[in-house]
Amino acid sequence: MDAKKELVNQLKEVIEKNEELNDIIENLCDGVYITDGSGKTLRVNKTYERMSGLKKEDLVGKNMEELVKEGVFSQSASLQVLKLKAPATVMYTVNTGKRLLAKGVPVFDSFGKIKMIVNNVWDLTEIYSLENETIGPKASSLQQEVDFIFHSPAMDKVVELALKASKVTSNVLILGESGVGKDVIANLIHKASGVKGTFIKVNCAAIPETLLESELFGYEYGSFTGAKKDGKAGLFQMANNGTIFLDEIAELPTHLQAKLLRVIQDKEVIPIGATKSIAIESRVIAATNKNIETAIDTGLFREDLYYRLNVVSIKIPPLRNRVEDIQPLARYFMDLFNKKYSLNKRLSKGALEALERSQWRGNVRELENTIERLAVVVDGNVIAAEDIAIIQNKPLLADKGKGSLKEQLMELEVKLLRESIVVNKTTRRAAKALGIDQSTLVRKLQKYGMKMMD
Ligand SMILES: Nc1ncnc2c1ncn2[C@@H]1O[C@H](COP(=O)(O)OP(=O)(O)OP(=O)(O)O)[C@@H](O)[C@H]1O
Ligand SMILES: [Mg+2]
């Protein structure tokens, strides 16, 4: 009898604990999305329902693959976790228009099989105020929405730090080579902060020095010749209560560095020609791909400004130091271009491995470009390691404005010849496609020292 009572008590305790756990999960500030080892949705919490705008009933029991195919989600962290059997962070869009960030972690059983994937989800949906919509300059505010994917422990740390930084208003300095994803992280910080104000991006290297000061700080009526009649609000003012992203900060001229320092210290701007200051409550995120310490040593960057900006410093490692990200990114970009160009191409295992072995001096941007070129140029639906070798040996078209017209035309010719050979396989077919004689094509190939494939 006592044993029975004991059992009933234990059961009661278990039920209570279970209810308690349920309450905790339901009331977490983060969204929770749990799938089983095949990607089937087991449960979502209330917070997730609110963030995503979706109902529990429409998700539970459904497989992630199905949900992505149906377009409910643009991406899925769980599917990434299943593919690589490792944690993954994914930013995606829900068909309700919401933007979310999910971090998926696999839970393994004693045989090393994934039994469950637990996703923590944050809301990145931007809350625009009407006011901001009308004053924000279209060109410099907000880049288009992109999904992103990270698998590497190094990027996991970066995302974690970015999420931490988003919760406070401290200034952030983002460092890293060109194309590593500095813009992506700056955007993430702004969105995860949930602030109402706009995200304004200013490329300090792209705006002429003579205009930069008035663009940043604005000007009063009649303050200089050529100024608009009634003055103009500066970008700092437009980003008020939001985020101002100063990209390529190392290129900021020294006299503006002094002015920026004052804006950050005093939290106010004085437009050119104005006598009164305007209070500013915007977070500054700065980024550079230059070695800023060298710039300080050579007197090109103010040390005091550096310390002001560098309250939180986020260093994004180059792609070659986070090889784990290469395959998922390559697959992701392939899906993207398949959709964009209505293709159905796939990277072979050999191709993925060849991509992993590459140097990626241009980082994620170069990988993205390479996948796009592969998608467009390679014939057939399976992309092989050789295709990658061919594409990578091909000189990139010169930057616009570099080299004489003749040099650029030659480069363009080389590019077209290579692509045509890759696509058409034989000189006969390539010549036909290009509308030239086979002998002309062969002569051109010899001129440029290009190898034949037939
Ligand atoms: N993890 C990722 N997932 C998906 N796309 C990514 C990821 N990281 C970067 N990208 C893409 O790669 C490209 C380069 O990223 P981004 O513009 O953020 O680099 P950057 O560090 O700001 O480069 P730069 O120094 O040249 O300004 C963009 O098209 C971006 O969308
Ligand atoms: Mg950038």
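This structure is a prediction, so every number in the text was calculated from the model and none was measured. (Residues numbered from 1 in each chain as written. Chains lettered and ligands numbered in written order. Predicted model: local features only at pLDDT ≥ 70, side-chain atom pairs only at ≥ 80, totals over all residues. Heavy atoms only, no water.)

This part takes up the overall build of the protein. A tally of regular secondary structure across the protein gives 20 helices and 17 strands. Counting only residues that meet the buried cut, the protein has 44% of its 454 residues in that class. Across the protein, contacts joining residues at least 24 apart in sequence account for 64% of those joining residues at least 6 apart. Carbon and sulfur atoms make up 54% of the accessible area of the protein, which amounts to about 24100 Å² in all. (Helix = DSSP H or I, 4+ residues; strand = E, 2+ residues; numbered from the N terminus. Buried < 20%, exposed > 50% of the residue type's maximum accessible area, 1.4 Å probe, protein only. Contact = heavy atoms within 4.5 Å. Areas by Shrake-Rupley, 256 points an atom, 1.4 Å probe, with all protein chains shown as cover.)

This brings us to the nonpolar core. Counting residues in hydrophobic clusters, the biggest one holds 49 residues, and the most contacted among them are Phe-73, Leu-347, Leu-355 and Ile-371. For this core, the element with the highest residue contribution is helix α14 (residues 326–340), accounting for seven residues. Each of domain 1 (2–123) and domain 3 (324–447) accounts for three or more of the residues forming this core. With near-sequence residues (within four places) excluded, Leu-347 lies in contact with Ala-330, Arg-331, Met-334, Leu-352, Leu-355, Ile-371, Leu-374 and Ile-383. Counting residues in each nonpolar core, the second largest holds 32 residues, with Ala-239, Leu-246, Val-263 and Val-284 among its members. (Core = buried A, V, L, I, M, F, W, Y, C linked by side-chain atoms within 4.5 Å. Domains from an automatic or database assignment.)

Following both chains from N to C, one finds helix α9 (residues 209–217) and helix α11 (residues 254–266) inclined at 10°, their axes separated by 11 Å at the closest point. Taken together, the axes of α9 and α11 are roughly parallel relative to one another. For the pair formed by α9 and α11, the contact residues are Glu-209, Leu-212, Glu-213 and Phe-217 on the first element and His-255, Leu-256, Lys-259, Leu-260 and Val-263 on the second. Here the contact of α9 with α11 is composed, by residue class, of five nonpolar, one polar and three charged. (Axes fitted to C-alpha atoms, helices over the stretch in contact; angles between N-to-C directions. Parallel < 35°, antiparallel > 145°, perpendicular 65-115°, else oblique. Nonpolar A, V, L, I, M, F, W, Y, C, P; charged D, E, K, R; others polar.)

Attention now moves to the site of ligand 1. For ligand 1, the set of nearby residues contains 21 residues, the closest of which are Ser-178, Gly-179, Lys-182, Asp-183 and Glu-368. Within the backbone of Val-184, a nitrogen or oxygen atom sits 3.2 Å from an oxygen atom of ligand 1. At a separation of 3.4 Å, an oxygen atom of ligand 1 approaches a polar side-chain atom of Asn-289. Expressed as a share of its isolated accessible area of 630 Å², the protein-covered part of ligand 1 is 88%. Those elements that place two or more of their residues in the shell around ligand 1 are β6 (148–150), α8 (182–193), α14 and α16 (363–377). For the shell around ligand 1, the class distribution of residues is 10 nonpolar, four polar and seven charged. The two domains that each donate at least three residues to the shell around ligand 1 are domain 2 (130–315) and domain 3 (324–447). (Near = heavy atom within 4 Å. Polar contact = N/O pair within 3.5 Å; in protein donor to acceptor, adjacent residues only side chain to side chain.)

On to the pattern of salt bridges, then. According to the stated counting rule, one finds 17 salt bridges in the structure shown. The partner of Lys-259 in a salt bridge is Glu-213, and the shortest N-O contact between them spans 3.1 Å. Taken together, the residues Lys-259 in helix α11 and Glu-213 in helix α9 connect sequence positions 46 residues apart. You can call Lys-259 buried: its relative accessible area is 16%. (Salt bridge = Lys/Arg side-chain N within 4 Å of Asp/Glu carboxyl O.)

A few words on unusual backbone geometry. Phi is mostly negative for residues that are not glycine, and the peptide bonds are mostly trans. The phi dihedral of Lys-85 is positive, around 55°, even though this residue is not glycine. Here Lys-85 is to be found in the loop between α5 (77–84) and β3 (88–93). Despite not being glycine, Asn-363 has its phi angle at roughly 55°, a positive value. Relative to the helices and strands, Asn-363 resides in helix α16.

Below, the discussion takes up the sheet that holds strand β15 (residues 312–315). In space, the five strands of this open sheet follow the order β8-β11-β14-β7-β15, with parallel pairing throughout. Bordering the open sheet on either side are β8 (199–203) and β15, each of which pairs with just one other strand. Averaged over all neighbouring strand pairs, the angle between strand axes comes to 20°, with direction disregarded. Bridge count for strand β7 (residues 172–175) against β15 is four bridges, and the pairing is parallel. From the neighbouring strand, Val-172 faces β15, where its bridge partner is Val-312. (Pairing = 2+ DSSP bridges.)

Right, let's talk about the sheet that holds strand β1 (residues 31–36) for a bit. The strand order across the open sheet built from six strands is β2-β1-β5-β4-β3-β6, with neighbouring strands paired in antiparallel fashion. With one partner strand each, in any of the chains shown, β2 (41–44) and β6 form the two edges of the open sheet. For this sheet, the mean inter-axis angle between neighbouring strands, taken without regard to orientation, is 20°. With nine bridges connecting them, strand β4 (residues 99–108) and strand β5 (residues 114–123) associate as antiparallel partners. Within the sheet, the bridge partner assigned to Pro-106 lies in β5 and is Ile-117. With respect to the sheet, helix α7 (residues 153–166) is in contact with β3, β4, β5 and β6, its orientation differing from that of β4 by roughly 135°.

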